Every structure is written in structure tokens, then in C-alpha cells.
Amino acid sequence: MDTENIVGILHAAGYPITADQSKADISLVNTCTFIEGSTHESKEVLDELSNNGKNLIIAGCMAQRFKGELFKQYPQAQAVVGTGNIKDILNVVKTVTLNLNSGIESKIVKVDDIPMAVADSKVPRLNTQMGPSAYIKIAEGCDHRCTFCIIPYLRGDMKSRTIEDILDEAKLHVQNGIQELVLVSQDSTAYGTDIYKKKALAELLEMLADKSGAKWLRLMYAYPQQLTEEMLDVIREKKNIVNYIDIPLQHASKKILKAMHRPSTVRDTVELIRKKLSDGAIRTTFIVGFPGETDSDFDELYDFVKESSFDRVGVFTYSKEKGTQAYDYENQVPEDVKLKRKERLMLLQQKISFNKNKSYIGKKLDMLVEHLEHHENNALKVVGRSFRDAPEIDGQLYLNVKDNQKTPQPGSFINVKVISCNEYDLYCTL
Ligand code: SF4
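Keep in mind it's a predicted model, so treat the numbers as computed, not measured.

With that settled, consider the sheet that holds strand 12 (residues 312-317). What the six strands build is an open sheet, ordered 5-8-9-10-11-12; its pairing is parallel. Each edge of the sheet is formed by a strand with only one pairing partner; in this case those strands are strand 5 (133-137) and strand 12. Each strand axis lies, on average, 20° off the axis of its neighbour in the sheet, ignoring direction. Here helix 13 (residues 335-358) sits on the sheet in contact with strand 11 (281-288) and strand 12, set at roughly 175° to strand 12.

Right, dumping it as C-alpha cells:
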């Protein structure tokens, strides 16, 4: 979304935008540095562009974290723009362009110490994604201080957008043909506690379900202890909110959760979701190899995953991030042990996921068509998702279209019958 706002602002000001780096005068990279892997990915892109001699503007989390230090590593960088400085992007690009045209190098640092800005519905946004879904950021930043996490230091405390402003943006997406709105933030369940002095997620969900016109609404990043019965009731009762909860639980061992500064009541949370959304899908993530994690802590997590039968599980190895509290913790777990634990947990989840998928064979599901794919022998496959699948991270539904059948088009909803599956995806007929 930040990227879409950055591109939207520049596009609205008349700057031509291209995704083809060879045609660009300035390459703007919105970076991530949440964990080692994401920093590595961002650096790979910056290295490649630097090696091609591109003039760079570095935005996002790496800019926020490393500020002017990035100029040493990337001499072609003309500016660094922090996470709370999206509003400054136009002036930065103007100055960099003027300087480059006059043969002057720019070294601009636009990084607020405490990022306070969150883009509202009035900030121009250009949808860079294809397909029938759009993300809406309902808040920015986080008030928690999980000991492994760098995000609050890069994004600041939570800043919620107003319900009215989010609704305006939602309506705009729907007018532009979007079918599914995916609500994101760092901690969606705490939405509203800053501006309304109370948890306002249930109210927001209800308003969006009733007034936005979206066919599907999906909630991401719930925080375990803060998920309330009221929120789950709204999800169950509103037909256009999908029966899906994304709730990063991170671990199951009370000792490790305590060391992470996370709630240790993960079992109660899962029980509450199962009670309220009996047919609902649960996605979660876990971190393995957190400092001090013993074999027995890992076994506890393994057993918890086995018992809980989640629909989707993401597993990350602990990433030691400078600036976080856990960075200095003793008993860091060796990398090979982390990787082995990750593999074991993923293999377990693959089996669970396969069994879950098998339980859908013979059942009917609503499918949101995302795109069409040509396979071997020119066979046409319709690709989409059900309520159980968030865009980009979960599985997909595949549908073979017979010659005598009309091909469902991207953006449409169809009812399909599941005929087979693998660990991740379902295969269907009309
Ligand atoms: S709740 Fe999420 S974003 Fe906030 S500190 Fe914890 S892990 Fe980071």
C-alpha cells in the first residue's frame, strides 16, 4: 500500500511511471527489513540497480532504520525517505530531478524520528496489483513491543484511520471493480484504541460490511489476546465478511511466549475462535529457534500444531535483529537447529493441510476468479480463491473449463465442486 501511495502521488503530479527499470531516470525502491530474509531481498534489488548505475531513491523500512548510512553502501542513492514521510516524496523527487538535470548529486534524508503519518483516503493511490482484491491499511504502527520485532521502532506506535475515512477508501475500490477488501495493519484487533479510546474493530467491520458494497471482506493480523467475542460475532453474522481469521500466535510454550512478550493464552484464543466460527479457517504463523527454545519447548509447539489442525501455517526461523530486545538474549539457537525445527513443523503442517483439503472433496465452495492460465495442450484453467485463501499467501482453487462451458471471467464469483486436492490447492469443477 505504501508503494501504491508513493506511485499514486507521483502519477497524480504527472510523473511518468514505469516498471521497466531500463526506461527509468530514477529508480524508487520501497524496502522491507522486518527479518533477515526481507532485508536480504531488499538489498538484492538495490545491489542490482546500483550495479546497473541507476539513480536511486530508497524508501520504507530500510530508509527508516539505516537513514544516511545507506549512502555509504549505495553511492548512487540520491535520497532516503522514511516510513512516515510518504507525503514528502513529491518534493524529494522534484529536487532529485532538478539536481540530476544540473549535474548535482543529491543526498537528501527525509526520515522522521518517530513516524507519525498514516496515508488516508485522500492520498492518491495507484493500484499496482492485478486482480479483484485490494488491501486497505486500517492503522499504521504498533503499541506492542514483542522482543523479536523491529516494526514498532520503524513504524512507531499505532495510528488508526477513522472509520469514515476507511469506508471512503473502501467505496472507491468497490466503484473501481474490486470485489474483495483485505484489511491489514500491524495489530488489527487494537484498531481504534488510540483515536476512539476503545477497541473499534467490530464497529469498523460492521460498517464496511453494510456500507462498502464489497462482496468479500477479509481480516488479517489479529492479535491473540485482543480478539473479542464481539469481533468474532460480527465476522460470523455478516455474510460478506469471510469466515477466516489470520492470527499470528508465534509459539505455544508459555516460557517462550513470555520471553517474546507475547500473550501466553494462545490455546484459549484458538478455542474461542473454534467456538464462534466453527466452520471458519484459521491462518497463523510461528517462530522457531527463538533464544532459549529447547527441544521440549519445540515439542510443545509441535504438539500444539498437531492438535489444533490449522488451515494455514507459516513458519519462520527466529531472525536476530539489532535494535530489538531479544538481540542480546543468551542461549541463541544455532542456525542448523532452527532450520531443522522449521522443516519438521512444515512437514507436519503439510500433512494436516492435505487432510483438511481432502475433507473438502465433494463439497461446494464459492470461488472468486483471479485469473486464467493456459496449461499443457492449451488447456484453459481458471484460477481463484475460496474464503479459506488470502491473496498471495494461501492456496488456490483450479477449475478446468470444458469446451461447451462458458469461461468464468476474473473478478466474478462462481460456485464450484471440489474433486481433488494436494497439500495447498483444490481442484474443482463447475
Ligand atoms: S504485535 Fe506484531 S508488529 Fe507489534 S511488536 Fe508484536 S510482532 Fe511486532
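Moving on from the coordinates now.
A few words on the domain arrangement of the protein. Buried accessible area, meaning the area lost when the parts come together, often serves as the stated size of an interface. If you check the domain split of the protein, you get domain 1 (2-110), domain 2 (133-358) and domain 3 (364-429). Computed from C-alpha atoms alone, the centre-to-centre distance between domain 1 and domain 2 is 30 Å. In this assembly, nine residues from domain 1 lie in contact with eight residues from domain 2. A per-element tally of the side of domain 1 that touches domain 2 places helix 3 (residues 61-66) first, with three residues. Looking at side-chain class alone, the side of domain 1 that touches domain 2 contains three nonpolar, four polar and two charged residues.

Of the two faces of strand 17 (residues 426-429), the one holding L426 and C428 is buried and the one holding Y427 and T429 is not buried anywhere. The sheet contact formed by strand 15 (residues 397-400) and strand 17 spans three bridges and is parallel. Its bridge partner lying in strand 17, L397 is registered against L426. Strand direction decides the pairing type here: strand 16 (residues 413-421) and strand 17, joined by four bridges, are antiparallel. Following the sheet pairing, K417 is matched in strand 17 by T429. Counting the residues in the hairpin turn of strand 16 and strand 17 gives four residues.

Running from N to C, helix 7 (residues 163-175) and helix 8 (residues 201-211) cross one another at 35°; their axes reach a closest spacing of 10 Å. Considering how the two elements wind past one another, helix 7 and helix 8 form a crossing that is right-handed. The segment helix 7 lies against helix 8, with I163, I166, L167 and A170 engaging E203, L204, M207, L208 and K211. Residues belonging to the contact of helix 7 with helix 8 are distributed by class as follows: seven nonpolar, no polar and two charged.

Another aspect to go through is unusual backbone geometry. Located in the positive-phi region is S309, a residue other than glycine, with phi close to 50°. Mapped onto the elements of the fold, S309 is located in the loop between helix 12 (295-308) and strand 12. Unlike most non-glycine residues, N331 shows phi in positive territory, near 55°. Assignment of secondary structure puts N331 in the loop between strand 12 and helix 13.

A few words on helix 9 (residues 229-237). The periodicity of an α-helix, 3.6 residues per turn, causes residues three or four places apart in sequence to face the same way. Within the sequence span of helix 9, burial applies to M231, L232, V234 and I235. Projection of helix 9 onto a plane perpendicular to its axis shows the buried side chains occupying an angular sector of 155°, all on one side. In helix 9, the exposed positions angled more than 90 degrees off the buried face are occupied by E229 and E237. Among the structural elements, helix 8, strand 9 (216-219), strand 10 (241-246) and helix 11 (266-276) are those in contact with the buried residues of helix 9.

We now examine the nonpolar core. Burial of nonpolar side chains together is a common tendency in soluble globular proteins. In terms of nonpolar packing, the biggest core is built from 106 residues, with I57, I58, L181, L204 and L217 touching the most fellow members. In terms of residue count, the dominant contributor to this core is strand 11 (five residues). In this structure, L204 is in contact with I138, I163, I166 and Y191, ignoring residues within four places of it in sequence.

With respect to the element layout, P263 can be found in the loop between helix 10 (254-259) and helix 11. On a C-alpha basis, the gap between P263 and V382 in space is 41 Å, while along the polypeptide they are 119 residues apart. The residues contacting P263, other than those within four sequence positions of it, are P224, Q225 and L257.

It is worth spelling out the packing of helix 8 against helix 9 at this point. Interhelical geometry of helix 8 versus helix 9 gives an angle of 15° and a closest axis separation of 8 Å. Considering the angle they form, helix 8 stands roughly parallel to helix 9. For the element pair helix 8 and helix 9, the recorded crossing hand is left-handed. Contacts between helix 8 and helix 9 pair L201, A202, L205 and E206 from the former with E230, M231, V234 and I235 from the latter. Looking at the contact of helix 8 with helix 9 residue by residue, the classes come out as six nonpolar, no polar and two charged.

Cut-offs applied
Residues numbered from 1 in each chain as written. Predicted model: local features only at pLDDT ≥ 70, side-chain atom pairs only at ≥ 80, totals over all residues. Pairing = 2+ DSSP bridges. Helix = DSSP H or I, 4+ residues; strand = E, 2+ residues; numbered from the N terminus. Axes fitted to C-alpha atoms, helices over the stretch in contact; angles between N-to-C directions. Contact = placed C-beta atoms within 7 Å. Domains from an automatic or database assignment. Nonpolar A, V, L, I, M, F, W, Y, C, P; charged D, E, K, R; others polar. Buried ≥ 20, exposed ≤ 12 C-beta atoms within 10 Å, placed from the backbone. Left-handed = near helix turned anticlockwise from the far one by under 90°. Arc of directions from axis to C-beta. Core = buried A, V, L, I, M, F, W, Y, C linked by C-beta atoms within 7 Å. Parallel < 35°, antiparallel > 145°, perpendicular 65-115°, else oblique.

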